[in-house]
Amino acid sequence: MEEKAAPEAIGVDSVYRARFQMAAGHYLSRFYTRLKERGEIWAVKCPKCNRTIIPPRIVCGFCKVKIEDTEENWLKLSDKGTVLQRFVITDHEINRVTKEPVGDDNPNTFILLDGGDEFAIIGHLLEEGIDIDKVETGKTRVQAVWRPKEERVGKMRDIKYFQVIEE
Amino acid sequence: MALEKVEPLVTEYDVLLGFTTYAGPIRSKFLIELRDNKRITGTRCPACHQVYVPAKPNCIKCQASLDEWVNVSDKGTLVTYAVVRSPDPLYPKEAPFAYGIIKLADADTGIVHFLGETDLEKIKTGMRVQAVFKEERTGSILDIDYFKPI
């Protein structure tokens, strides 16, 4: 009997596209508006446990109390901070539709910003081409490099990256 | 002191995801025939004798497994069509273009494909069309470039 060879496996390429909008909500709108117009990073404080909450939200995740949108509940953080963790991008995912690499070449980082408590952490980028071995977690001090005001759009990318500073 | 008023912000997303699915043994064979032999094939149901083009693994009427292969003609009749005039980056062709359902001779089901080499205004249902294959074929339904009127 003739042996029937298994047919070659053929892949069918498909593309899924989703276009949608999402409302930032009142608290994030204030956060991004102040980022854009004032060049400042603002957080909220829980009125009960007093912890810093960034990005700002309406309810404290720990105490479940509502944080009223009042002056005393908003807290301005410094744009300087300490590196908590850093990640080097060695390999980019390629978007199979646009054929372009996804993401930046800059190393990613978590930064503990001055002016808040141990929860005042944001994720952002470090300078491109930085010597990552000289960035020490828990030690290296960094400061935000802002885009010029006319280029800001009200997104986290209004900060270009964080730059190492000597103190 | 009252806080300043802020405009409600809205973020726009445009998610583009590409993915590949396995065509399965029957559809793979159909696409291989297109690619290697420029041949359009279908499967015939042993129970109701319905011929499916493009080839299907199961009969939708009797649920029978289909493994009887038939070669069908590359000529057929246009059953229905639509003209696309607004462009979209996801379309495989530049707008304006036309596509329709073509019922090939010997087949009982229609194949959805583009219509080419014709004036968009002159397309009519019931007209005779023939498949035009691409020079470089990759094992995709788009190895047929379009159907042209004859």
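Here's a quick rundown of the structure. (Residues numbered from 1 in each chain as written. Chains lettered and ligands numbered in written order. Predicted model: local features only at pLDDT ≥ 70, side-chain atom pairs only at ≥ 80, totals over all residues. Heavy atoms only, no water.)

## Concerning the side chain of A:R30
Among the secondary structure elements, A:R30 is positioned in helix 1 (residues 25-37). Given the relative accessible area of 2%, A:R30 is considered buried. Excluding residues within four positions of it along the chain, A:R30 makes contact with A:D69, A:W74, B:L3, B:E4 and B:V6. (Helix = DSSP H or I, 4+ residues; strand = E, 2+ residues; numbered from the N terminus. Buried < 20%, exposed > 50% of the residue type's maximum accessible area, 1.4 Å probe, protein only. Contact = heavy atoms within 4.5 Å.)

## Some points on the environment of B:L16
Within the fold, B:L16 resides in strand 1 (residues 10-22). Once the C-alpha coordinates of B:L16 and B:L90 are considered, the two residues, 74 residues apart in sequence, prove to be 9.5 Å apart. Once residues within four sequence positions are removed from consideration, B:L16 is found in contact with A:V15, A:Y16, A:R17, A:N95, A:V97, A:T98 and B:L90.

## Thoughts on the sheet that holds strand 6 (residues 108-113) of chain A
Residues and elements named next belong to chain A. Taken together, 5 strands build an open sheet; the order of strands is 7-6-5-8-9 and the sheet is antiparallel. Each of the sheet's edge strands pairs with one partner strand only, and the pair in question is strand 7 (121-125) and strand 9 (159-165). The sheet shows a mean angle of 45° between the axes of neighbouring strands, taken without regard to direction. Two elements, strand 5 (residues 80-87) and strand 8 (residues 141-146), share 3 bridges in a ladder whose sense is antiparallel. Bridge pairing links T82 to R141 in strand 8. (Pairing = 2+ DSSP bridges. Axes fitted to C-alpha atoms, helices over the stretch in contact; angles between N-to-C directions.)

## Brief notes about the interface of chain B and chain A
Contacts between chain B and chain A engage 31 residues on the former and 35 residues on the latter. Summing both partners gives a buried area of about 3,100 Å² for chain B against chain A, and 55% of it is carried by carbon and sulfur. Three residues stand out in chain B for area buried against chain A, namely B:L3, B:L9 and B:Y13, and they jointly supply 21% of the buried area on that side. Note that B:E4 and A:R30 form a salt bridge whose closest N and O atoms lie 3.5 Å from each other. Counting every contact that joins chain B to chain A gives 18 residue pairs in polar contact (both at pLDDT 80 or more). Secondary-structure elements contributing two or more residues to the side of chain B that touches chain A are strand 1 and helix 1 (24-37) of chain B. (Buried area = accessible area lost by both parts, 1.4 Å probe. Salt bridge = Lys/Arg side-chain N within 4 Å of Asp/Glu carboxyl O. Polar contact = N/O pair within 3.5 Å; in protein donor to acceptor, adjacent residues only side chain to side chain.)

## Some words on the pattern of salt bridges
In this structure the tally under the stated criterion is 22 salt bridges over all chains. Where A:E167 meets A:K80, a salt bridge forms, and the shortest distance between an N and an O atom there is 3.9 Å. Taken together, the residues A:E167 in the segment after strand 9 and A:K80 in strand 5 connect sequence positions 87 residues apart. With a relative accessible area of 28%, A:K80 lands in the partly exposed category. Between B:D145 and B:K93 there is a salt bridge whose closest N-O contact spans 3.5 Å. Of this pair, B:D145 sits in strand 9 (residues 144-149) while B:K93 sits in the loop between strand 5 (75-84) and strand 6 (97-104), and the two are 52 residues apart along the sequence. Its relative accessible area of 23% is what places B:D145 among the partly exposed residues. Taking the relative accessible area as the measure of exposure, B:K93 reaches 25% and is therefore partly exposed.

## Examining helix 1 of chain B
Taking 1.5 Å as the rise per residue, helix 1 of chain B with 14 residues should run 20 Å; its terminal C-alpha atoms sit 19 Å apart, in good agreement. Listed in full, the buried residues belonging to helix 1 of chain B are B:G24, B:I26, B:S28, B:F30, B:L31, B:I32, B:E33, B:L34 and B:R35. In the core, the buried residues of helix 1 of chain B are packed alongside strand 1 (11-23) of chain A together with strand 1, strand 2 (40-44), strand 4 (68-72), strand 8 (128-133) and strand 9 of chain B. A positive backbone phi angle near 50° is found at B:K38, which sits one or two residues after helix 1 of chain B. (Expected span 1.5 Å × (residues − 1).)

## Let's talk about the side chain of A:T140
Residue and element names in this part refer to chain A. For T140, the position within the fold is in the loop between strand 7 and strand 8. We classify T140 as buried; its relative accessible area is 10%. Reaching out from T140, the side chain makes a polar contact with the backbone nitrogen of E136 at a distance of 2.6 Å. Ignoring any residue separated from it by four or fewer positions in sequence, one finds T140 in contact with G81, T82, V83, K134, V135 and V164.

## Some thoughts on unusual backbone geometry
The amide bond that connects A:I54 to the next residue, A:P55, takes the cis arrangement and shows omega of -5°. Of note, the amide linkage connecting B:A95 to B:P96 takes the cis form, showing an omega dihedral of 0°. Note that B:P96 resides in the loop between strand 5 and strand 6. One non-glycine residue, A:K64, lies in the positive phi region at around 60°. Relative to the helices and strands, A:K64 resides in the loop between strand 3 (52-53) and strand 4 (74-77).

Distances and angles like these do not, on their own, reveal function.
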